[in-house]
Each structure stands twice: as structure tokens, then as C-alpha cells.
Amino acid sequence: MTRPVFARTESTAASRWHGLDPLTRLVVALGTMIAALLLGGVVCLAALGILAVLLPTAMAHELRPVLRLAVLLALPLGVSAVLINVLFSPGTTSEGAWLAAVVVLRIVIMAGATVLFYRTTIPADLVGSLQHHGLSNRITFVIHNAVAMIPRLAERAREVTAAQRARGFDSEAGLLRRGRGIIALAAPTVLGAVAEVEARTLALETRAFTRPGRVTVLRPPHDSNLQRAGRWSIVVGLVALVIARVTGLLPC
Amino acid sequence: MRATPAWLRVAAGLGAFAVVAFIGLALVGSRDPQAALDGFGLVMVAAIPAGVAIYALVEYRQTGRLDSITRQFGTRTLVLMPVAIALDIVLGSAVASALKIPVYLDSLGTVLVAVLAGPLAGAATGFLSNLLWTYLAPAPFASPYAAPFAVVAVVVGLLAGTFARWGWLRPRPGTSGRRLLVGGGLAVAAMALMALVALRVWLAGAEGGDLAPSADETAFTILGWVAMLLVAGTGLGLLVLLLRQRDLAAAYILAAGVITGVSAAFVAAPIAAGLFGGVTGSGADFVIAALRQAGADLQQAVLGQSLISDPVDKVVTYFLVYLILGAMATRTKARFPQGPHLVPLTDEKVDDAPGVRED
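Cut-offs applied
- Note on numbering: residues in each chain are counted from 1, in written sequence order.
- Starting at A for chains and at 1 for ligands, labels are handed out in the order in which the entities are written.
- Reporting of local features is limited, given that this is a predicted model, to residues whose pLDDT is at least 70; pairs of side-chain atoms are given and counted only at 80 or more, and all residues count toward the totals for whole chains, interfaces and linings.
- To qualify as a helix, a DSSP run of H or I must reach at least 4 residues; to qualify as a strand, a run of E must reach at least 2; elements of each kind are numbered from the N terminus.
- Residues with at least 20 neighbouring C-beta atoms inside 10 Å of their own are called buried, those with 12 or fewer are called exposed, and the rest are partly exposed, where every C-beta is derived from the backbone.
- Throughout, a residue-residue contact means that the two C-beta atoms, derived from backbone geometry, are no farther apart than 7 Å.
- The predictor attaches a confidence to each residue, and that confidence, scored 0 to 100, is pLDDT.
- In this analysis, the expected span of each helix is defined as 1.5 Å times one less than the number of residues it contains.
- When buried Ala, Val, Leu, Ile, Met, Phe, Trp, Tyr and Cys residues are joined through C-beta atoms within 7 Å, the set is termed a nonpolar core.
- To define axes, lines are fitted to C-alpha atoms, for helices over the stretch in contact only, and angles between the resulting N-to-C directions are given on a 0 to 180 degree scale.
- The cut-offs work like this: below 35 degrees is roughly parallel, past 145 is roughly antiparallel, 65 to 115 is roughly perpendicular, and the gaps in between are oblique.
- Definitions for this section: a left-handed crossing has its near helix turned counterclockwise from the far helix by less than a right angle. A right-handed crossing has that turn clockwise.
- In the scheme used here, Gly and all other residues not listed as nonpolar or charged are polar, with Ala, Val, Leu, Ile, Met, Phe, Trp, Tyr, Cys and Pro taken as nonpolar and Asp, Glu, Lys and Arg as charged.

1. As for the overall build of chain A
The secondary structure content of chain A amounts to nine helices and zero strands. In sequence order, chain A lays out its α and β elements as α-α-α-α-α-α-α-α-α. Burial analysis of chain A (252 residues in total) assigns 35% to the buried set. Counted over contacts in chain A with a minimum sequence separation of 6, partners at least 24 positions apart contribute 78%.

The following block contains the structure:
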């Protein structure tokens, strides 16, 4: 049986990248994304892509699935970028093409960094790592529950959509009917989810959710001095990049 | 215990926000207004935390605690936040991929939390929504492009929470004719102002030429006008609600949606134009293409599209939240920090209730 391209890789997989603290992987992904937003030229972006996306992806033995998924994710926006900046641009075609190339490269890098992080990190591991590094219990609760809630809500939305279609809602109809359909789809989905809040609140309060103090992390991350130094280097590098961008010292 | 003036910390927070925003805009575009507009999103990244930090500092100096902030993050709010984040992500993805109209509906949860719990809870929900949408949302909902727009969601959350605190989402059925007239007039004025801003941007894009794109690009001409018609249609729909149910809240919803949408547009447009060449992957891309074809440069086209799409999106969002609030039991709403601002007023409470002066 083939493995679906969207699936996450188990954190126990044997690669040095998987062995890193999830916080380190998050800092790399966030840092790559911010750097992609700050850098402008094709050459600089290409260098960033090789250094921050291709190398770690190869290190994680995920080159093929990550590239495939990154291109899949980047394709709709990339096509729009080319259409808007080349075909519908009132300026010269070469200017539009150059801008489109920068945008497409940036989108692919951002998609690649995100996909690599997504495929190699299990949310529970990240939340555990964030908790281990001192993030408040309340924030970790919100993050963990939000991620778990998405598939549940999507399932509920699918059920509502099927029910509304059975009642005559046509998602392929004219603009006016589709606009009206927003309310028919969203209201029952939302109301059902909101109705659960009260019961969950009571359940949490009876389990001393608001008790002060740190909780014990059952699966502490594999952190090290080298990784700490690496994370701080990325932060310092980003600050330098922002300063260079604001002062106009950045060559691209 | 001595009462501490809340207005002082609010004024201090707003002052800090204004000072940082002014300095930031001066730094990024001291001579060029277009450069200042392009850097608006970046400036907000610094100005909003500065405002919140000064607000918190003044409150701590006044009371020795941070009650007005911590109160917004009770257990009930913390349970609602994941639901709201999931709503933002699931509905945002579904509307973008299924309906393909220039509306996003990706801030319903943010506005819901902001309205029920407060501006900072709403801002936190919006911020986390966009970050999680990029980094942790499971396929097929993950979007690598949501995170840079987190600051937009923060602005939406802050404004929605503030409007709810002012009582703008309080039901007002059976309002007297005079008040309805004033409310309707203000709502129409807000709509007219928004349309005027959009028109000016569009005209600037067309370099003073004819507003309507030429007949050669029929498809894009139609799409551009459809977006404009959606603005007018939503406004008309709310006015019908206003007159039929005599609920003045419709006017407040319209005003809140337009103000939030225009604010969000000014923050989001430079991000979309500068980082993604104007593309968002939603139905709004067609509007940008139409404006580009009409002669607007990229920044003007994206701002024009945002000024058209965002107010519509936010009016629809506020309207849906208003419907959700109407469907919730009064006692459930009242348990949230801003619940008392969302329930209808009894006669004896009318005179001293928050937001009543806007009536």
C-alpha cells in the first residue's frame, strides 16, 4: 500500500532531522518563512531555498514527498501570480515576468519549509516541547485542542453540507445562491461546535484545569546546547536581516 | 478600594500605538506616501504590541494586577478559542475552495471570540489561527500563506472586541422610527464612504480614465462589477432587515463590518502585494486581475480589491456572528466576559448601559 503524500512522518523515524527538538524545527521553518518574505532577488531566494529547505529535506530523507507537496500547494498561487503579473500587467512583460518569478520562488520556499515541518512533526510532540520550554499550559491547551478540533469540525461541516444538499443547496449554482449558501452551511456547523463549549468548560474546571504551577511533560524533547545555539543564531540572523532591509543594505 | 480610571490606560495604549505608528510610517516612507502605505503592515506589527504593552503597564501601575486582560482568558474563553480557530481554518478553506467568490469568511471564529470574550482574546485567536493554519493544520486545510496575514487577524480581533464592548452587537428590536432613521442614515453614509474610497482607488488605478474596463475583457469586467454589486447587495439586504425587523443592530453590524474591513484592507493589501505579487488563491484574484487590466499598478489593484472584498467579508462575518449570538441561550452568553454587552436591555437598564449613547 502506498503512503499518502499528506501523511505526517512518525517522529521516531531514523534521521537526524527527525531527532531534533520540534522547537528547533519550528524555528527553522518560521525563520525560513520570514527570510523568504524579507529577501527580494531570485538569486538570494534560490540560495535560501537550497540552504533552508533542500538541505534539511535531504537530511530528513523526505526530498520527493516534500517537493511534490510543496509544488502542489504552490501551484494555484503560482499560476495566479503569473497570470496577474504577466498576462494582465499594464507594464512590460519582462518586468511582470521577473516579479512573477520572485513571487513563485518565494511561494515554493514558504510551501517547502511548511511542508517539511508539517510532515516531520507530530503536533503532540511540538506542544510537549513548547511546554517543556516554558510555554503556558493555557496556550498549549489552545494549540493542541485547535489542531485536534479541525478534523472534527471538518467532519461536522461535511455532514451539514450533505444535509443541505439533500435539502436542495447547490454549491455549483449562481453567485446569489452560493452567497446565500454561506449561511446555510456555516450556521449549523458553528452552532453545534459552540454548544459543546459549555460542557467542555465544566469538565475542565472539575479537573482543576486552572491549577497554577508547571505540568510534567511525559515525552521531553531531545534538546542540546548545539540546537539552542542554532536557534539563537537564526533569531540573530533574522534581526540582522530586518535591519539590513530597513536600512537598504541588503543587496537583494 | 479606590476606583481606577479605565480611560487612562486605554488612552495610554492608544497613544503608544499612535506614536509607534507615526514613527514607523515616517521611517518607512518619509517622503513617499506610497512607500508609507506599503510598509503599513510592518508598522502595525510593531505598533499593536506597543499599544497593548503600554496598556498592560499602566493597568499594572494602577491596580497591581492585570484583571482586565486576564479576565478575557478564563476557562470558558480558552475552551472557545480552539473551536474558533478551527472555524476560521475550516470555513476559510471551504469558502475559498468551494464558493470561489471574493469573500474569505476566515475570521468568523476570531470575531466570535472577540465579541464574547474581549479584544485581546479576539486578537490572540486571530493570531494563533493564522499561525496554526500554516504550521499545524492537517491536510487538506494547511495553507503556507496564512501566517504573514496574522497581523490582519489581530486587527480584526481588536476591532471586533472593541465594537462589542461598546454594545454594537446588542439586539435592538422594535427601535423607534427616529432612531432607525438616524441609524440607517449613518449606515448608508458608511457604505457611501467605503464606496467612495474604492472608487477613488479604482480611478487612480485607471489614471483618470473610464472607470469601466473596456468591452474586450468581458469576463473580467463582469467579475469586477460583481464584487461591487456584492457590496451594494449586502448593504441593501441589511437595510431590509433594519426596516422589516426594526432592529437597529443591523446598522451597527454594517458600520462595524465596514470599519473592520477597511482597516483590514489597509493592513492586508501591502502584505499581499509586496510578498505574494497580489495573489491570494481565492476568488479575489479575479478582481485584482480586472483592476490590473483596467490599468492600475499592482499596489493600487490589491488595495482596490481589498477595499472591495474585505468590507463585504467582514459585514457578512459580523452578520453571521450576530445570528450565532441570537441562537445562543442568554445565560450562556452572559457567562462570557463581554456577555452583558450582548444581551437586550431591559427598560430600567437602558439609561446606563454601555453602547446606549450610540442609539
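Now that the structure has been shown, we can carry on.
2. With respect to the confidence of the model for chain A
The pLDDT averaged across chain A works out to 81; a share of 85% of its residues lies at or above 70. When pLDDT is averaged over each element of chain A, helix α3 (residues 42-59) of chain A comes out on top at 92 and helix α8 (residues 175-206) of chain A at the bottom at 76.

3. Comments concerning the environment of A113 of chain A
Position of A113 of chain A among the secondary structure elements: in helix α5 (residues 93-120). Residues A113 of chain A and V217 of chain A lie 104 residues apart in sequence; the distance between their C-alpha atoms is 27 Å.

4. Brief notes about the environment of L158 of chain B
All names here are of chain B. Residue placement: L158 occurs in helix α8 (residues 150-165). With 23 C-beta atoms counted inside 10 Å, the residue L158 sits in the buried group. In this structure, the C-alpha to C-alpha distance between L158 and T260, residues 102 residues apart in sequence, is 9.4 Å. L158 has contacts with P119, G122 and A123, leaving out every residue within four places of it along the chain.

5. Quick notes on the confidence of the model for chain B
All names here are of chain B. Averaged over all residues, the pLDDT of chain B equals 77, while 70% of them reach at least 70. Taken as a whole, residues 205-224 scores under 50 in pLDDT and shows 35 contacts with residues more than four places along the chain or in a different chain. Every residue in residues 353-359 is under pLDDT 50, and counting partners more than four places away or in other chains gives 20 contacts. Reported confidence for the predicted complex is 0.71 by ipTM and 0.77 by pTM.

6. Some details on helix α2 (residues 22-38) of chain A
When the terminal C-alpha atoms of α2 of chain A are compared, their 24 Å separation across 17 residues agrees well with the 24 Å that a helix rising 1.5 Å per residue should span. Along α2 of chain A, 14 of the 17 residues are buried, which leaves the element largely enclosed by surrounding structure.

7. Focus: the nonpolar core
Where a protein is soluble and globular, its nonpolar side chains tend to be buried together. Core analysis: the biggest nonpolar cluster contains 170 residues, and I150 of chain A together with V90 and I253 of chain B have the highest contact counts within it. In contact with V90 of chain B, other than residues within four places in its own chain, are I150, L153, A154 and A157 of chain A together with F141 of chain B.

8. Focus: unusual backbone geometry
The backbone of H61 of chain A sits at a positive phi, close to 55°, despite the residue not being glycine. Checked against the element boundaries, H61 of chain A lands in the loop between α3 and α4 (63-87).

9. Some details on the packing of α2 of chain A against helix α9 (residues 225-247) of chain A
Residue and element names in this part refer to chain A. Two elements in contact, α2 and α9, have axes separated by 10 Å at closest approach and are oriented at 15°. One element, α2, and the other, α9, form an angle in the roughly parallel class. Like other packed secondary-structure pairs, α2 and α9 cross with a definite hand, here left-handed. On the side of α2, the interface is formed by T24, V27, V28, G31, I34, A35 and L38, while α9 contributes Q227, G230, R231, I234, L238, L241, V242 and R245.

10. Let's talk about the packing of helix α11 (residues 249-276) of chain B against helix α13 (residues 298-327) of chain B
Residue and element names in this part refer to chain B. The interhelical angle for the contact between α11 and α13, taken along N-to-C directions, is 145°, at an axis separation of 6 Å. You can see that α11 and α13 cross each other, and the crossing is right-handed. Of the residues belonging to the contact of α11 with α13, the class tally is 21 nonpolar, six polar and three charged.

11. Structural notes on the environment of A50 of chain B
Residue and element names in this part refer to chain B. Examined against the element boundaries, A50 turns out to sit in helix α3 (residues 40-63). By C-beta crowding, A50 is classed as partly exposed, having 19 other C-beta atoms within 10 Å. C-alpha separation for the pair A50 and Y252, spaced 202 residues apart in sequence, amounts to 29 Å. Aside from chain neighbours lying at most four places away, what touches A50 is A16, F17 and V20.

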